[in-house]
Amino acid sequence: MDSKTYRIKEFFNPADQRSLIVDTSACLSLGPLPGLEIFKQDVKPILHLVDGVVTSPGQVQVLSGRTHKDAALLVRADWTNAMRGPEFVLPPDKIKHITLINASQALELGGSALVLYFLLGHEEQIEAGCLKMTVQLAIEGSQIGLPLIIDVQPIGERVVLQSKAVELGASYGLEGGADGIAVPWPGVESFKIIIKMAAGMPVWVKPRTIDNAQNEIDEALQLGATGLWLDEKVFAHPDAAGRIESLSSQIYPAITIKEGPQESL
Amino acid sequence: MGAGLQSRMDRLFNRHGDGRAVCVAADHGYMSDVTTNVVNLRTILDQVIQGGVDGVLLSPGQAVRLAPQFQGRDGPAMIVRADWMNMPRLGTSNVANAVPQRLLVHEKIVTATQALELGATAITIYLFLGYNDSIEAAGIDICARFAAECRQVGLPCIMEPLAYGGQVTGTNIVEILTLGARMCVELGADALKIPYTGDVKSFRRLVEMADVPVLVLGGARSEYERDALELFSEGLEARSSGCLMGRNVTKSPNPGRLIEQLCGIAHNGLSVDRALCTEEWDFIRLKAHPAKCTGCDLCVTACVASHDRGSYGTHLARLSITSASQSGGHKVMFCTLCKKCLEVCPTDALRWHPQTGAVELLVDNCTACGDCVDVCPTGVIFHSDSGIHTSSGEYLDWYPIVCDLCAGEPECTRVCPTGAIFIAERVELT
């Protein structure tokens with residue numbers, strides 16, 4: 001096993017090779033979000049419920065002291081203001097996207113993988129930049145055995161066909177050298193294409209909503225999804241831990257222990 | 001030329017010792033929308049490698065992922081796309097695109113050293129001409145930097161001049177491509193990947209003044225494979241060094257067979273017609289061992305039985321056995337594919353059968369002149385017993401009966417008890 005495969009396995013459930021990831025890194029661009037105001041206090045309780053947590057480079061240290069039952073750390077490698085809407089305190093005048101750390105730095109932080117946004121639907125240079133970052137981080141990561149996960153974000157105003165844009169982002173991620181991709185649920189047909197393109201590479205699905213996602217999660221898993229990729233919105237749920245636990249039970253097949261006949265003493 | 005550069009140029013252009021390369025561009029997923037050839041890349045790659053492709057152009061990510069398929073001395077050369085552009089997705093009215101692009105963007109993505117570390121035998125980069133001055137200048141800058149990097153690490157730099165944009169018209173495109181080819185060479189290109197200019201004469205001029213190996217690209221996929229083969233064949237006639245074809249191959253129903261056909265043209269000097277028969281081509285030649293022939297005539301009988309059921313006698317057999325007077329042995333007379341009948345026929349009524357390679361009669365062209373019967377040196381073309389109607393309604397009193405090699409499985413060789421007549425070899429027909 002090479003070191004990249006070794007690290008990928010750190011955020012997979014060894015029992016069934018499925019994976020539940022929670023992305024907390026949106027605070028890097030959006031500040032203290034509901035349910036994530038006090039990062040350590042809010043995130044630590046869910047560490048044992050998921051396989052991986054995506055954090056910004058600065059929050060990695062906050063999650064020290066994890067045990068083997070806790071989630072692996074995936075480090076957000078970039079920053080963008082693309083997630084900010086017009087209502088945000090600093091609405092974006094021009095979309096920006098930059099890398100924050102390279103693969104070696106992520107490895108030094110103890111990351112098991114790098115995570116990078118792939119933004120679609122903005123100016124041409126943003127997309128070109130995403131591709132360049134993907135290729136460069138993938139090459140750097142390959143040299144030191146650190147996987148790169150592409151987080152497809154078809155959120156720009158130029159997106160015409162949402163499902164096709166998700167396919168495009170997945171394709172670009174794979175052609176750029178990603179070791180896994182996280183995609184918004186694009187519907188059955190597009191997801192089939194993505195799974196075929198990925199050819200065995202991990203594909204996480206990001207459900208459209210947290211509360212009514214049962215059908216699309218089931219469909220995605222049946223089609224070959226690796227697992228779920230939840231964003232910061234799950235922390236806004238009144239019972240975030242409970243909701244994550246519930247989703248977790250949905251992606252991991254129930255394990256039942258049959259009771260054998262008890263011997264009479 | 002440094003040793004590293006020469007070695008990699010040889011890997012790409014001299015796998016067959018002829019200075020030619022049949023390559024496939026499989027980097028579309030890197031720049032265009034998701035299409036079937038993008039989704040099925042791995043399967044397509046398996047097929048083209050099986051077909052004997054000399055090189056494959058991939059994106060950096062796929063180069064990492066698919067590297068094992070390039071391993072070994074017999075593996076194809078890996079060419080890495082070192083830059084990126086969004087041209088296939090340009091046009092706000094292009095509703096087929098998921099995320100249409102408005103402005104052409106062309107970026108350098110990996111360095112030559114990184115490409116080399118990925119296992120590349122060469123890199124490919126674009127030079128856009130005709131869009132606007134800034135894009136052209138940026139392209140020149142990218143090409144110049146790549147050329148310098150490539151020289152340092154001994155990696156062949158294949159430049160791809162593309163005529164695209166408002167300044168390009170139907171009348172100036174050849175001139176722009178010729179300009180681009182020369183500019184690339186002046187910048188330090190080791191080879192070119194370039195669209196065919198449309199005619200042999202202008203393309204030959206481009207190739208000659210480039211004076212580096214030129215690979216012709218296929219452009220949009222044609223419905224007919226013949227078109228791709230003819231374009232390629234004309235490119236070779238214009239002294240190009242091969243092709244770097246994309247969609248014509250990757251979107252073909254049978255990419256492996258198309259590669260075999262292209263390789264047949266490039267490396268074996270086949271004509272397009274001949275190459276199109278790659279799959280079923282089973283040209284055989286009969287030979288005889290007179291000393292083994294006992295004169296039993298079983299071959300003659302089998303020939304008649306298999307072709308002329310119900311006829312009386314062996315006069316229609318496509319071979320004969322004669323007694324050799326001096327030695328007292330026998331001589332087997334059969335079609336040797338000498339081509340004399342094809343050459344003498346005034347109406348092109350005889351040709352090589354495209355699948356079997358035997359002589360085939362096209363009845364509609366035949367005038368029953370008898371020239372083929374007269375010219376056959378082994379005397380195995382005969383008058384038929386009966387006449388035949390052509391499709392135009394004309395009636396021929398007779399027509400020549402020729403050996404069809406039993407569609408590739410000659411009965412005579414099958415029944416001969418001593419092996420006196422046998423299939424000796426496959427034969428290239430011209």
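Above this text sits the structure in question.
This one's a predicted model, so the numbers in the text were calculated from it and none came from an experiment.

Enquirer: Where do I start with the sheet that holds strand 3 (residues 72–76) of chain A in this structure?
Expert: Working definition: the strands of a sheet are paired by backbone hydrogen bonds and lie parallel or antiparallel to each other. All names here are of chain A. As summarised here, the arrangement of the 8 strands in space is 1-2-3-6-7-8-9-10, forming a closed barrel in which the pairing is parallel. Averaged over all adjacent pairs, the angle separating strand axes in this sheet is 25 degrees, with direction ignored. Looking at chain direction, strand 1 (residues 19–23) and strand 10 (residues 227–230) are connected through 4 bridges and run parallel. Within strand 10, the residue paired with Val 22 across the bridge is Leu 230. Along the sheet, helix 6 (residues 162–176) makes contact with strand 6 (113–119), strand 7 (148–153) and strand 8 (180–184), crossing strand 8 at roughly 170 degrees.

Enquirer: Quick question: what am I supposed to make of the interface of chain A and chain B here?
Expert: Much of the literature gives interface size as the accessible area that the parts lose upon coming together. Opposite the 30 residues of chain A that make contact, chain B presents 27 residues. Elements supplying a minimum of two residues to the side of chain A that touches chain B: helix 5 (124–144), helix 6 and helix 7 (188–198) of chain A. At 10 residues, the largest contribution of residues to the side of chain A that touches chain B is made by helix 5 of chain A. Class assignment of the residues belonging to the side of chain A that touches chain B gives a composition of 16 nonpolar, 6 polar and 8 charged.

Enquirer: Before we go on, may I ask you to explain the sheet that holds strand 9 (residues 214–217) of chain B in this structure?
Expert: Residues and elements named next belong to chain B. Around the barrel, 8 strands lie side by side as 1-2-3-6-7-8-9-10; this closed barrel has parallel pairing. Taking the axes of each pair of neighbouring strands and ignoring which way they run, one obtains an average angle of 25 degrees across the sheet. Sheet analysis places strand 7 (residues 157–163) next to strand 8 (residues 191–195), joined by 2 bridges and oriented parallel. Residue Ile 158 lies in a different strand from strand 8, and its bridge partner there is Ala 191. Contacting strand 1 (21–25) and strand 10 (242–245), helix 11 (residues 255–268) runs over the sheet at an angle of about 150 degrees to strand 1.

What counts and what doesn't
Residues numbered from 1 in each chain as written. Chains lettered and ligands numbered in written order. Predicted model: local features only at pLDDT ≥ 70, side-chain atom pairs only at ≥ 80, totals over all residues. Pairing = 2+ DSSP bridges. Helix = DSSP H or I, 4+ residues; strand = E, 2+ residues; numbered from the N terminus. Axes fitted to C-alpha atoms, helices over the stretch in contact; angles between N-to-C directions. Contact = placed C-beta atoms within 7 Å. Nonpolar A, V, L, I, M, F, W, Y, C, P; charged D, E, K, R; others polar.

Any link to function would need more than the numbers given here.
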